[in-house]
Structure formats: C-alpha cells, structure tokens
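Each chain is listed here by its residues.
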Number of protein chains: 2
Amino acid sequence: MSLEFENHKPQEIEGRSFEIIGQELAAAGLSLDPQLEPIIKRVIHTTADFSYADSLTFSPHVVTQALSALEAGATIVTDTNMVKAGINKPALAQLGGHLVCYISDPQVSARAKADGSTRAVAAMAKATELEGPLIFAIGNAPTALKAVVDLYQAGLLSPELVIGVPVGFVNVVEAKELLIASDLPYIVNRGRKGGSNVAAAIVNALMYLLTRK
Amino acid sequence: MSLEFENHKPQEIEGRSFEIIGQELAAAGLSLDPQLEPIIKRVIHTTADFSYADSLTFSPHVVTQALSALEAGATIVTDTNMVKAGINKPALAQLGGHLVCYISDPQVSARAKADGSTRAVAAMAKATELEGPLIFAIGNAPTALKAVVDLYQAGLLSPELVIGVPVGFVNVVEAKELLIASDLPYIVNRGRKGGSNVAAAIVNALMYLLTRK
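What comes next concerns the included structure. Worth saying up front: this structure is predicted, and the values here are computed from it rather than measured.

## Description of the overall build of chain A
- Looking only at helices and strands, chain A features 11 helices and 6 strands.
- Rg of the C-alpha trace for chain A: 17 Å, near the compact-globule value of 17 Å for 213 residues, within the 12% margin.
- For chain A, the spread of C-alpha atoms along the principal axes amounts to about 60 × 35 × 35 Å.
- When each of the 213 residues of chain A is scored for burial, the buried share is 59%.
- Pairs at least 24 apart in sequence give 65% of the contacts found in chain A among residues at least 6 apart.
- Put simply, chain A shows about 9000 Å² of open surface, and 50% of that area lies on carbon and sulfur atoms.
- In chain A, the 17 positive side-chain charges and the 21 negative ones have mean positions that sit 5 Å from each other.

## Considering the interface of chain B and chain A
- The interface is formed by 46 residues belonging to chain B together with 45 residues belonging to chain A.
- Across the chain B/chain A interface, buried area totals approximately 3600 Å², and carbon plus sulfur atoms make up 71% of it.
- Between the two partners, chain B and chain A, sit 2 salt bridges.
- The salt bridge partner of E24 of chain A is R192 of chain B, with a shortest N-O separation of 2.6 Å.
- Sorting the residues of the side of chain B that touches chain A by element identifies α1 (10–27), α2 (37–47), α5 (81–86), α9 (142–153), α10 (172–181) and α11 (196–211) of chain B as the ones contributing at least two each.
- No other element matches the 7 residues that α1 of chain B contributes to the side of chain B that touches chain A.

## Comments concerning the pattern of salt bridges
Residue and element names in this part refer to chain A.
- Per the counting criterion, the structure on display carries 20 salt bridges over all chains.
- A salt bridge links E14 to R212; the shortest N-O distance between them is 2.8 Å. With E14 in helix α1 (residues 10–27) and R212 in the segment after α11 (196–211), this pair connects stretches of sequence that are 198 residues apart.
- Using a relative accessible area of 18% as the deciding quantity, one classes E14 as buried.
- Assessed through its relative accessible area of 39%, R212 is described here as partly exposed.
- Salt-bridge contacts for K146 lead to D150; the nearest nitrogen and oxygen are separated by 3.0 Å. Of this pair, K146 and D150 are both found in helix α9 (residues 142–153), 4 residues apart, which corresponds to roughly one turn of the helix.
- Note on K146: relative accessible area 22%, which makes it partly exposed.

## Description of the relation of the copies chain B and chain A
- Mapping chain B onto chain A calls for a rotation angle of 180° and an axial translation of 0.0 Å; the resulting RMSD is 0.0 Å. On the angle and the small slide along the axis, the relation comes out as a two-fold axis. Residue M82 of chain B of chain B places its C-alpha closer to the rotation axis than any other residue of that unit, at 2.6 Å.
- When the interface residues of chain B are mapped onto chain A, 98% of them again fall at the interface, so both copies present the same face.

## Focus on the sheet that holds strand β4 (residues 134–138) of chain B
Residue and element names in this part refer to chain B.
- Spatially, β1-β6-β5-β4-β2-β3 is the arrangement adopted by the 6 strands of the open sheet, whose pairing is mixed. The outermost strands of the open sheet, each flanked by one partner alone, are β1 (56–58) and β3 (98–101). Within the sheet, the average angular offset between the axes of one strand and its neighbour, ignoring direction, is 15°.
- Against the sheet, helix α4 (residues 62–71) makes contact with β1, β2 (75–78), β4, β5 (161–164) and β6 (186–189), and its axis sits at roughly 115° relative to β4, the strand it touches most.
- Its contacts with the sheet put α11 on β1, β2, β4, β5 and β6, and the angle it makes with β5 is roughly 140°.

## Quick word on the packing of α4 of chain B against α11 of chain B
Residues and elements named next belong to chain B.
- Running from N to C, α4 and α11 cross one another at 70°; their axes reach a closest spacing of 10 Å. On the basis of their axis angle, the class for α4 and α11 is roughly perpendicular. In this structure, α4 contributes V63, A66, L67, L70 and E71 to the contact, and α11 contributes L206, M207, L209 and L210.
- In terms of residue class, the contact of α4 with α11 is made up of 8 nonpolar, no polar and 1 charged.

## As for α11 of chain A
- With 16 residues, α11 of chain A extends 22 Å from end C-alpha to end C-alpha; this agrees with the ideal 22 Å at 1.5 Å per step.
- In terms of burial, α11 of chain A is a largely internal element, 15 of the 16 residues being buried.

## Description of the sheet that holds strand β5 (residues 161–164) of chain A
Residues and elements named next belong to chain A.
- The strand order across the open sheet built from 6 strands is β1-β6-β5-β4-β2-β3, with neighbouring strands paired in mixed fashion. Looking at which strands have only one partner, the edges of the open sheet turn out to be β1 (56–58) and β3 (98–101). This sheet shows a mean twist of 15° between the axes of neighbouring strands, independent of strand direction.
- For β5 and strand β6 (residues 186–189), the ladder comprises 3 bridges, and the chain directions are parallel. By the bridge assignment for β6, I163 is matched with I187.
- Helix α4 (residues 62–71) contacts β1, β2 (75–78), β4 (134–138), β5 and β6 of the sheet and is inclined by roughly 115° relative to β4.

## As for α4 of chain A
Residues and elements named next belong to chain A.
- For α4, the complete set of buried residues consists of V62, V63, A66, L67, A69 and L70. When α4 is viewed along its axis, its buried side chains cluster within an angular range of 160° and face the same direction.
- Looking one or two residues beyond α4, the residue adopting positive phi is G73, at roughly 75°.

## Topic: the packing of aromatic side chains
- Within this structure, the stated rule accounts for 2 aromatic pairs over all chains.
- With centroids separated by 6.0 Å and ring planes inclined at 85°, the aromatic side chains of F50 of chain A and F169 of chain B adopt a geometry described as edge-to-face. On the criterion of chain membership, the pair formed by F50 of chain A in the loop between α2 (37–47) and α3 (52–55) and F169 of chain B in the loop between β5 and α10 is interchain, its members lying in two chains.
- F169 of chain B gets classed as buried once you look at its relative accessible area, which sits at 11%.
- Over the ring of Y102 of chain B we find K126 of chain B, and its NZ or CZ is 5.2 Å from the ring centre.
- Above the plane of the ring of Y208 of chain B lies R212 of chain B, whose end atom (NZ or CZ) is 3.7 Å from the centre.

Conventions used here
Residues numbered from 1 in each chain as written. Chains lettered and ligands numbered in written order. Predicted model: local features only at pLDDT ≥ 70, side-chain atom pairs only at ≥ 80, totals over all residues. Heavy atoms only, no water. Helix = DSSP H or I, 4+ residues; strand = E, 2+ residues; numbered from the N terminus. Rg over C-alpha atoms; globule rule 2.2 N^0.38 Å. Buried < 20%, exposed > 50% of the residue type's maximum accessible area, 1.4 Å probe, protein only. Contact = heavy atoms within 4.5 Å. Areas by Shrake-Rupley, 256 points an atom, 1.4 Å probe, with all protein chains shown as cover. Lys, Arg positive; Asp, Glu negative; His and termini not counted. Charge placed at Lys NZ, Arg CZ, Asp CG, Glu CD. Buried area = accessible area lost by both parts, 1.4 Å probe. Salt bridge = Lys/Arg side-chain N within 4 Å of Asp/Glu carboxyl O. Least-squares fit on C-alpha atoms with pLDDT ≥ 70 in both. Pairing = 2+ DSSP bridges. Axes fitted to C-alpha atoms, helices over the stretch in contact; angles between N-to-C directions. Parallel < 35°, antiparallel > 145°, perpendicular 65-115°, else oblique. Nonpolar A, V, L, I, M, F, W, Y, C, P; charged D, E, K, R; others polar. Expected span 1.5 Å × (residues − 1). Arc of directions from axis to C-beta. Phe/Tyr/Trp six-rings, centres within 6.5 Å; stacked < 30°, edge-to-face > 60°. Lys NZ or Arg CZ within 6 Å of the ring centre and 35° of its normal.

In structure tokens, the structure reads:
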C-alpha cells in the first residue's frame with residue numbers, strides 16, 4: 001500500500017473511483033442497465049457498498065420522467081437537512097431547480113404537536129402547498145415516506161419521482177414496499193439500507209446526467 | 001410483513017431499533033466492549049450495516065478523552081456541510097460546544113487556489129486559528145484527513161479526537177492508516193466504508209453519553 005498522495009484534483013479522483021467501481025462490478029459478473037448505471041454507481045461511490053447494485057429498484061421509465069422534471073425546474077423536497085446539505089447546489093441552480101426541507105419549520109412543529117403526529121409527517125403535508133413538478137428525496141424517516149404515499153392516494157400530491165431510501169430497523173422495509181406497491185414513480189433501495197447520503201447521491205446522479213453531458 | 005404503522009414516537013422507534021441491533025449482534029456471536037458499544041450500535045443504526053462492528057477501530061482511552069473534550073465545550077470541525085447538518089444541535093448546545101465547517105468559506109477557496117491545493121485541505125488549515133479543545137469529524141475527504149495528520153505532525157494542531165471515516169476508493173484506506181499510525185487519538189472505520197452520516201453518528205453517540213445519562 002502506498003502512503004503517497006498524488007496531488008489529484010477532486011474530479012480526477014471521482015473519475016478513477018468510478019473506473020474502480022466499474023471494474024469490480026464487472027469482476028463480480030454484474031452488468032447494469034445502461035440507463036440506471038450512473039445512479040447505481042454513484043450510490044456505490046457514496047457508500048463503498050456494492051450491495052446497492054442488487055437492492056436499488058426502479059419503476060419503469062423513472063429516469064426519463066425524473067430528467068423531464070429536473071429540466072422543468074422541479075422542486076426537490078427532502079425529509080432531513082442532511083439530504084438537503086448533500087445535494088449539489090451549482091447543478092441545481094444550473095437546472096433552475098428549487099430545494100426545500102421543512103423539518104425545522106416552526107409551523108411544522110406546531111402542526112405535528114396539534115395533530116399528535118411527527119414533524120416528518122407534518123413536513124410532507126406542508127409540501128402539498130408547493131406548485132410545479134415535485135421530487136421527494138426521503139433518506140431518513142419511513143413515516144415521511146408513508147406520508148407521501150398517503151397524500152398521493154388522497155389526491156393531495158402528485159410527485160414526478162419519490163426517492164425512497166430511508167434506513168433502519170423499524171417500519172423501513174414496510175414503507176419502501178408501500179411505495180413500490182403504489183403507482184408512484186420511484187427509486188427505492190429494498191431492505192434496511194439507505195440514508196441521507198444515498199438520497200442525496202441519487203438526486204445528484206440524476207442532475208449530473210443533465211449538467212455534465 | 002405487516003403494513004400497519006403503529007404511531008410510535010421517534011424516541012421509541014430508536015429504542016426498538018437498538019434492541020434489534022443488540023439481538024442481531026448477539027445472534028452473530030459478537031460481543032462489544034461496553035465503552036464502545038453505544039458508538040458502534042449508533043453507526044449500525046445509521047447505516048443498517050453490521051460490518052461496522054468489525055471495522056470500527058479506536059485508540060486507547062479515546063472515549064474518555066472525547067467526553068472530557070465535549071464537557072469542556074469543544075469545537076467540532078467537519079469536512080463537509082453534510083456532517084455538520086447531521087450533528088444534533090440541541091445536544092451540542094446543552095454541552096456548550098461549537099460546530100464549524102469551512103469548506104464553503106470564500107477565504108478557504110481563495111487559499112486553495114493560491115496554493116494549488118484543495119478546499120478540503122485549506123479548510124483544515126484554517127482550523128489552526130481556532131482556540132480551545134478541537135474534535136475533527138471527517139466523513140468525506142481523505143485529503144482533509146491527511147491534512148489534519150500533517151498539521152499535527154508540524155505542531156500546528158493538537159486535537160483531542162480525530163474521527164476518520166472518509167468513504168471511497170482512492171486514498172481513503174491510506175489516509176485512515178496514516179491516522180492510525182500517528183499518535184493522535186482516533187476513531188477510524190478501517191477500509192473503504194464510512195461517510196458523512198457515519199461521522200455525524202459518531203459525534204452524536206459521544207454527545208448522548210453525556211446528555212442522555
């Protein structure tokens with residue numbers, strides 16, 4: 001192992017990382033759908049976890065739909081400030097997109113308290129006030145993910161894409177399967193794994209398909 | 001699998017999650033050092049990845065040292081805004097701690113350009129201006145981690161703890177091994193895995209040992 005650090009630019013390191021990921025996927029005999037490959041590889045890049053190549057699940061035509069929404073200046077709604085922090089701001093600005101997270105909104109706290117609900121659920125309900133195409137990026141709260149599906153089924157929301165990658169041990173698998181069983185366009189990581197970093201990586205991968213071509 | 005969501009409070013769900021993690025660790029025959037257990041379990045809670053039970057590595061007495069620093073109102077320096085976003089602000093306020101991330105600082109950009117370096121490295125150099133006990137939480141940039149070790153060896157920094165959990169495929173393993181080979185107090189995840197979520201989870205686990213007892 002070399003302890004020498006060559007003075008590479010971040011962009012070069014990213015390119016080399018994607019080469020390594022491609023080589024190791026090929027060595028494992030895994031071949032990816034070319035349309036989904038940039039998303040799956042970016043999630044592996046963010047986690048160093050190759051199991052995502054098996055567990056990431058996509059509804060039909062979801063990438064095409066997502067890119068149309070992003071080109072139309074979609075608003076991305078996140079469940080946590082960590083997802084929001086991880087989304088690439090220059091790429092989003094280039095696309096004329098918007099980014100909101102209502103989890104720390106005082107109105108949302110008050111609403112959650114009044115309803116005996118959680119801030120995660122109240123934050124999704126507040127997103128029904130937004131106009132224009134919506135993309136939800138849920139990396140933490142299974143209750144937020146369930147709330148989006150409920151609001152859709154009640155006719156109160158009609159998002160262009162729901163990224164459902166909460167992480168954890170309680171209600172997480174169930175919330176993801178609820179989304180898959182709905183007819184919403186989705187990108188889901190089946191099972192327990194996911195996270196704020198994974199949600200942000202998926203948003204970034206989609207945006208880079210437009211901004212880095 | 002039940003599709004019923006009981007209306008649990010987030011704190012109850014966290015408790016139940018930790019029970020499941022404990023049961024599965026026991027079933028796998030893994031017993032953890034009691035002082036390290038809350039940190040390892042919180043990382044597994046954040047990632048749903050049990051491999052962290054094997055790969056998280058701690059310098060001797062690091063938890064005791066870290067808790068002393070936090071009780072003394074340490075400043076936590078992060079390499080990314082995502083780590084910063086993931087750190088529990090009420091717990092930090094309760095401890096009288098501080099939190100900084102210089103990656104988007106215009107001075108840091110200018111310095112990186114002037115030096116032909118990266119923003120990650122220049123952001124760590126700026127932390128030498130800080131007073132009081134310092135904890136570094138590095139979840140993304142191996143170059144930032146190497147910079148902290150270099151600044152320490154040059155006598156310019158003397159942190160109470162370095163959390164070295166960058167993720168990735170290029171220079172990541174090497175940077176972690178550099179930290180382990182130094183005589184800095186460390187918490188490292190050996191290998192490629194880690195991330196902003198892992199760095200924030202470790203900081204939070206340490207703080208909760210003081211704020212939730």
